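Residue-level listing of the chains:
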Amino acid sequence: MSRRIRGASQSDHSSQSKADLVARIKSKLQSVDPEKARELGGVFLFNIIKGTSVYSWTLDLNKVIVYEGEPDEDPDTTFTLNEHYFKQLVFGKEDPRVIMQAGRCSVTGDIMRAMKLEPYIKLD
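Fair warning: this is a prediction, and the values are worked out from it, not measured in the lab.

A.B. asks: For this particular structure, what's the right way to read the packing of aromatic side chains?
C.D. replies: Aromatic rings considered in pairs are described by the distance between their centres and by the relative angle of their planes. All chains considered together, the criterion is met by 3 aromatic pairs. Measuring from centroid to centroid gives 4.5 Å for Phe46 and Phe79, while their planes differ by 10 degrees, and the two rings are stacked. One end of the pair, Phe46, is in strand 1 (residues 43-50); the other, Phe79, is in strand 4 (residues 77-82), with 33 residues separating them in the sequence. Side by side, Phe46 and Phe79 carry an identical accessibility label, which is buried.

This is the structure we're talking about:
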């Protein structure tokens, strides 16, 4: 029983849906320097797994936009991870390199560019 109580009393981050988090990332993107974002550039696809379903969203730094779903063109980088590690990543609870090196997140494509995404996807 104490286990359940501890889980229920964790920070409110765990109760936020993937779509809510993506909406917050989209909002955050509006406050970044668009020229700096375009300088990094690239299209990043995130596939977030929960059970048997996959929620996909895209961060397009060429156009400085975020949207649900996959991009029309092939992305420069694709991240595939479960919902728990996605939340760890966006709330800075775990270092992105640790998540990737431990095999908790599959990254294909431009990994060097992916390592520079933190300012665009990390939430406070």
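Still more ground to cover, so stick around.
A.B. asks: What exactly am I supposed to notice about the confidence of the model for the chain here?
C.D. replies: Predicted coordinates in areas of low pLDDT are best not read in detail. Confidence along the chain averages 88 in pLDDT terms, with 89% of residues attaining 70 or more. Confidence drops under a pLDDT of 50 for residues 1-12, and excluding neighbours within four residues, the segment shows 0 contacts in the predicted structure.

A.B. asks: When you look at the sheet that holds strand 4 in this model, what are you seeing that I'm missing?
C.D. replies: Working definition: the strands of a sheet are paired by backbone hydrogen bonds and lie parallel or antiparallel to each other. Ordered in space as 3-2-1-4-5, the 5 strands form an open sheet in which the pairing is mixed. Strand pairing shows two members of the sheet lacking a second neighbour, strand 3 (65-68) and strand 5 (105-109), which therefore form its edges. Shown here is a sheet whose adjacent strand axes are inclined to one another by a mean of 15 degrees, direction ignored. Pairing analysis gives 6 bridges linking strand 1 to strand 4, with the strands arranged parallel. Along strand 4, the bridge assignment pairs Phe44 with Thr77.

A.B. asks: What is the right way to read the environment of Tyr120 from this model?
C.D. replies: If you trace the backbone, Tyr120 turns up in helix 7 (residues 118-121). Taking the C-alpha atoms as reference points, Tyr120 and Leu61, separated by 59 residues in sequence, lie 9.2 Å from one another. Residues in contact with Tyr120, not counting those within four places in the same chain, are Ile25, Lys28, Leu29, Val32, Lys36, Ala37, Leu40, Leu59 and Leu61.

Cut-offs and rules
Each chain carries its own residue numbering, running from 1 in the written order of its sequence. It should be noted that, the model being predicted, local features are given only for residues of pLDDT at least 70 and side-chain atom pairs only at 80 or more, the latter also being counted only at that level, while totals for whole chains, interfaces and linings use all residues. Hydrogens and water are ignored here; the side-chain numbers use all heavy atoms of the structure. Under the pairing criterion, centres of Phe, Tyr and Trp rings, with the six-membered ring standing for Trp, must be within 6.5 Å; the plane angle then separates stacked pairs below 30 degrees from edge-to-face pairs above 60, leaving the rest tilted. Helix and strand labels come from DSSP, where a helix needs a run of H or I of at least four residues and a strand needs a run of E of at least two; each type is numbered from the N terminus. Burial classes: relative accessible area under 20% of the type maximum marks a residue as buried, over 50% as exposed, and values in between as partly exposed (1.4 Å probe, protein chains only). The quantity known as pLDDT measures the predictor's confidence residue by residue, on a range of 0 to 100. Contacts were defined at the residue level, with two residues in contact if any of their heavy atoms lie within 4.5 Å. In this description, strands pair whenever DSSP reports at least two bridges between them. Helix axes are fitted only over the stretch in contact, all axes being lines through C-alpha atoms; the angle between N-to-C directions runs from 0 to 180 degrees.

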